[in-house]
Amino acid sequence: MSNPHYYTNNQDCDKPLNKTGLLYLAKLLFSTGVPKLVLCIALILSIVSSLSGLIVPLVTGNMIDPFRLELLSGIRIIQLILIFI
């Protein structure tokens, strides 16, 4: 049941397979048979989601820090609602 090629690189049979590199991850993703376009779209959407998760607190913090009751207007309320959506 032991397959020596499963645990070693094809170039050097004495070295254990490095499963922590980006090259291994890329080979693993492309070996699943999922179309490359779908993988690229998923990667882009993941990056956009991460960036929006970082930008929303920054923008709302900049809007809330100088907040005063006198500055409260309909436009400011609509901006806050749109940012949180």
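Source: prediction; values computed, not measured.

How each quantity is defined
Residues numbered from 1 in each chain as written. Predicted model: local features only at pLDDT ≥ 70, side-chain atom pairs only at ≥ 80, totals over all residues. Heavy atoms only, no water. Helix = DSSP H or I, 4+ residues; strand = E, 2+ residues; numbered from the N terminus. Areas by Shrake-Rupley, 256 points an atom, 1.4 Å probe, with all protein chains shown as cover. pLDDT = per-residue confidence, 0-100. Phe/Tyr/Trp six-rings, centres within 6.5 Å; stacked < 30°, edge-to-face > 60°. Lys NZ or Arg CZ within 6 Å of the ring centre and 35° of its normal.

Attention now moves to the overall build of the protein. Secondary structure summary: the protein contains four helices and zero strands in total. From first element to last, N terminus to C terminus, the protein shows the α and β order α-α-α-α. For the protein, the accessible surface area stands at approximately 7,600 Å², while carbon and sulfur atoms represent 70% of it.

When the pLDDT values of the protein are averaged, the result is 78; 80% of them are 70 or greater. Element-level pLDDT for the protein is lowest in helix α1 (residues 4-7), with a mean of 50, against a maximum mean of 88 in helix α3 (residues 36-64).

With that settled, consider the packing of aromatic side chains. Scanning all chains against the criterion turns up zero aromatic pairs. Seen from the ring of F30, K36 lies directly overhead, with NZ or CZ sitting 5.3 Å from the centre.

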